[in-house]
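A look at the structure
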Amino acid sequence: MQFPKRYKSKIVEEKLQNIWEERNIFQFSFEDSRPVYAIDTPPPTVSGDLHLGHCYSYSQTDFMARFWRMSGYNVFYPMGWDDNGLPTERLVEKRLGIKPIQVGREKFIEAIQEVSQDLESDYKSLWKRLGLSVDWGYTYATISPESRKVSQYSFIDLYNKDLAHRVSAPSIWCPTCGTAIAQAEVDDLERETNFITMAFKLDDGQILPIATTRPELLPACVAVFVNPNDEKHRDLVGKTAITPIFGKEVPIIADHKADPEKGTGVVMCCTFGDTTDVEWWYTYKLPLIAVVNRDGKLNELSGPYAGLKVTAAREKIITDLAEQGLLLDTKKTPQTVRVHERCDTPVEYIEAKQWFIKLLEHKDKFLEAGKSITWHPAHFHNRYENWVQNLGWDWCISRQRYYGVPFPIWYSKRDGEEGKILVAHPDDLPIDPAVDTPRGYSRDEVEAETDVMDTWATSSVSPQVAGRWLENKELFEKLFPMSLRPHSHEIIRTWTFYTIVKSLYHFGKIPWANIAISGWGILPAGGKVSKSRGGGPIDPMSMMDKYSVDAVRYWSASTKLGRDAVINEEKIAIGNKLVTKIWNVARFALGFLEEYQPSQDVPSLLPLDRWLLSRLQHTIEKATVSFRDYDYTSAKDDVESYFWNVLADNYLEMVKTRLYELGDNEPAKLAAKYSLYNALLAIIKMLAPIMPYITEEIFQIYYAQHEPEVSLHISKWPEVSSPLIDESVELFGNAIVGIATEVRRYKSTNQISMGTPLTRLQIFSSNQELISDLKASILDITSVTRAQNIEFGDIPPVEALAVSEVENMWVTIEQ
């Protein structure tokens, strides 16, 4: 047995990656009769370089994949790349400094594909280095022909069920990205802005003060609203108001959404400034004056302000109001503005024909589905419920961009059916309507839909894409519903929700049994690490090179699901110390087991051995329960505590005399070997999901020749052996650790080397069973204390030290 003195992590990691791949250790088997554990793995968005925040969350998924694999499940663990849609487009625009309008659609798409392929290669290298136990045979990309086919098939199915429809309606619009977006893609941004009060007039010439933060929408004002309970203004209902600068008459209407405590209590309604404007427009059938173009500039309906961007028009109108004596007040005020999550641009509300998936009429179904899924942690179910309950829009899935999955749609130009929607035949998918034609029509008889689908329209069928729904029905039925959906908390409103929607609409069932919500990796200075905004100052590969992959994964395991974690190099360094200690303990212990032949028969054990193995059974039980509850942090803590406090710091120190001085066939030494073999094997198995490299290397060096499996990671998870649980020996364990601790404290206080012999050690207790176990452990007590004479008694002298109040045990120490 060649057990190197030092653990060289980088060399070991590369070697084991190759071994795992060559032996197909993590391959899912369709023919396997074991129960399936299928993971709907998050496909990372191709929008920048991966960072330690990704290592944090993806490691947590791998902890569970490895645990369930060792627990006897046939694990389906695919990987995808989300490379279709707006995030990837914006990455290419930023990296290459080009716009589609500059280079043309074809060249822009070519540039996207080149950047995507390079990044996906980088992503795969990082995931393999991180030790993700993915079956790479089930890798997919969301822009691939297979994914496009599933996404288009999904759309056609929803269209045929009257769940997808095209309407002209106000849509949330991002001027920077040049596309409609969904409600779920909108965030709140806190900022300071000007709250100005303008002088509207009543038809009798009186001034009607109205406050707003968006004076640039004055040319789009179509009504004025007051609260019906507002005594100051309710008499105005039914009258008209005249807008400043433009002199347009608009009706004054009563509605409870007008807040009498905000501003002047009178609100102007413009088409459209916010969702309340949209609601009033629908409810009161108001005119539509769309003054903001898709590029964020005002159009000719704004008169002298045409051509100005929204912010410039705002400043110009404020100046003009002041010059005309119509600006009554201005003050700074905090404002929550709705912005596009991708670029932080304030959104506009623009009417246009868009494709929507119906949501609002099926909220109850979505709420019930959320209750049928087990959430880890449970409180994140509340966030899902709040999102569903507060939905105000159907899902807008059309995007006015270049790169994405095209709608399988054309519009007829034939006489008598102009504008008729033509849907692709499912057997023809995937199709590009700009190139292909519908059955029975020629190119000049149709107009292709030019919009592409929202990237979530494809991501929301990730279980179907990964499970090869349209390619292999038997496989999909074996996998679906899947066991686990892991992802971070900010996409509950998008990926979680939309996938549940699609699953209910297509199959009438939930898509997975469990959801595991991870937190974010947080920068030391605060704030989420984002790959699209730089990825933070600490490169994952450099951390792995410096400390080891297992150390990075240790950091990832140190925070529970759902909680954010500061990217902490000190915590990674602590993980590396554990790696080193495990290696040194294994090297020492296994050095005595080179010729050992393990047996299922339990030899005659000494009290110390019984304590080691009894504590081990409790650790196995707790770690198993924790892992099954997706609490890998508690599992890690329990195993680590056992490793340090029971095995490394105490048992090994106490058993050294037996190992060094007794003959190989003496029962006391055989008992120590049996105990070490089984305790260390159980420890590396329980740490394997979190620290796969160091544990596998120890297994390959020694245990592989004795165990039936070729890899630790497909070996059987440790099971509790009830006969080894010995509650009575726990008292002995506490006592002998207490003795060792007191002797160490004595030597440290007196500045004596730990290896210095003691002249005499006296141990006193009225518990005769405990004294009997301690007497049977003379060799072990001598080993840890270096006492030359050990004496026992039941009545302590006055000067004796109480080392354990629980066991009523005392010792005296003589140097």
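Relevant structure appears above.
Here goes a summary of the coordinates provided. (Residues numbered from 1 in each chain as written. Predicted model: local features only at pLDDT ≥ 70, side-chain atom pairs only at ≥ 80, totals over all residues. Heavy atoms only, no water.)

Let's talk about unusual backbone geometry
Put simply, His-376 and Pro-377 share a cis peptide bond, and its omega is -5°. The topology assignment puts Pro-377 in the loop between strand 15 (374–376) and helix 10 (380–389). The omega torsion of the bond from Phe-480 to Pro-481 falls at -5°, within 30 degrees of zero and hence cis. Its place among the elements puts Pro-481 in the loop between helix 13 (473–479) and strand 22 (482–488). The backbone phi angle of Arg-468 is positive, close to 55°, even though this residue is not glycine. (Helix = DSSP H or I, 4+ residues; strand = E, 2+ residues; numbered from the N terminus.)

Comments concerning the environment of Leu-724
When you line up the elements, Leu-724 lands in the loop between helix 21 (692–701) and helix 22 (727–749). Owing to a relative accessible area of 17%, Leu-724 belongs among the buried residues under this scheme. In this structure the C-alpha to C-alpha distance between Leu-724 and Ala-525, which are 199 residues apart in sequence, comes to 49 Å. Apart from the residues lying within four places of it in its own chain, the contact partners of Leu-724 are Val-602, Leu-605, Arg-610, Leu-613, Ser-614 and Gln-617. (Buried < 20%, exposed > 50% of the residue type's maximum accessible area, 1.4 Å probe, protein only. Contact = heavy atoms within 4.5 Å.)

Notes on the pattern of salt bridges
Enumeration over the complete set of coordinates arrives at 39 salt bridges. Across the salt bridge formed by Arg-553 and Asp-62, the nearest N and O atoms sit 2.7 Å from each other. Of this pair, Arg-553 sits in helix 16 (residues 549–557) while Asp-62 sits in helix 2 (residues 52–70), placing them 491 residues apart in sequence. For Asp-62, a relative accessible area of 0% translates into the label buried. Linking Glu-445 and Arg-414 is a salt bridge whose minimum nitrogen-to-oxygen distance equals 3.0 Å. On the criterion of sequence distance, the pair formed by Glu-445 in the loop between strand 19 (421–423) and strand 20 (446–448) and Arg-414 in the loop between strand 18 (409–412) and strand 19 is long-range, its members being 31 residues apart. By relative accessible area, which is 28% here, Arg-414 ends up partly exposed. Through salt bridges with shared partners, a single ionic network connects Lys-10, Glu-13, Arg-129 and Asp-545. (Salt bridge = Lys/Arg side-chain N within 4 Å of Asp/Glu carboxyl O.)

Digging into the packing of helix 2 against helix 18 (residues 607–628)
Interaxial distance between helix 2 and helix 18 falls to 10 Å at its minimum, and their mutual angle equals 120°. Considering their axes alone, helix 2 and helix 18 lie oblique with respect to each other. In this structure, helix 2 crosses over helix 18, and the sense of that crossing is left-handed. Contacts between helix 2 and helix 18 involve Phe-63, Met-64, Phe-67 and Trp-68 from the first element and Thr-624, Phe-627 and Arg-628 from the second. Class assignment of the residues belonging to the contact of helix 2 with helix 18 gives a composition of five nonpolar, one polar and one charged. (Axes fitted to C-alpha atoms, helices over the stretch in contact; angles between N-to-C directions. Parallel < 35°, antiparallel > 145°, perpendicular 65-115°, else oblique. Left-handed = near helix turned anticlockwise from the far one by under 90°. Nonpolar A, V, L, I, M, F, W, Y, C, P; charged D, E, K, R; others polar.)

Considering the pairing of strand 11 (residues 249–254)
In terms of strand pairing, strand 9 (residues 221–226) meets strand 11 through three bridges, oriented parallel. Bridge pairing links Val-226 to Ala-254 in strand 11. As paired elements, strand 10 (residues 240–242) and strand 11 share three bridges and run antiparallel to each other. Bridge assignment links Ile-242 to a residue of strand 11, and that residue is Glu-249. (Pairing = 2+ DSSP bridges.)

Some remarks on the nonpolar core
Side chains of nonpolar character tend, in soluble globular proteins, to be buried together. Counting residues in hydrophobic clusters, the biggest one holds 139 residues, and the most contacted among them are Ile-698, Tyr-703 and Leu-761. Residues in contact with Leu-761, not counting those within four places in the same chain, are Ile-739, Val-743, Ile-781, Thr-785, Ala-787, Asn-789, Ile-790, Glu-791, Val-811, Thr-812 and Ile-813. Within the second largest apolar cluster, 66 residues are counted, among which are Ile-373, Trp-375, Tyr-384 and Phe-480. (Core = buried A, V, L, I, M, F, W, Y, C linked by side-chain atoms within 4.5 Å.)

A few points about the state of the cysteines
Note on terminology: a disulfide is the covalent bond linking the sulfur atoms of two cysteines. For the coordinates displayed, the defined rule picks out zero disulfides. Free cysteine: Cys-174, not disulfide-bonded; nearest cysteine sulfur from Cys-343 at 3.5 Å. The structure places no disulfide on Cys-270, whose sulfur is separated from the nearest cysteine sulfur, that of Cys-221, by 4.8 Å. (Disulfide = S-S within 2.5 Å.)

Brief notes about the sheet that holds strand 20
In spatial order, the strands read 19-18-20; together these three strands make up an open sheet with antiparallel pairing. Only two strands of the sheet have a single neighbouring strand rather than two, namely strand 19 and strand 20. Between one strand and the next, the sheet's axes are offset by a mean angle of 35°, whatever the strand orientation. Sheet topology note: the strand 18/strand 19 ladder contains three bridges and is antiparallel. When the bridges of strand 19 are listed, Ile-409 appears paired with Val-423.

Limitation: the analysis is restricted to geometry and does not speak to function.
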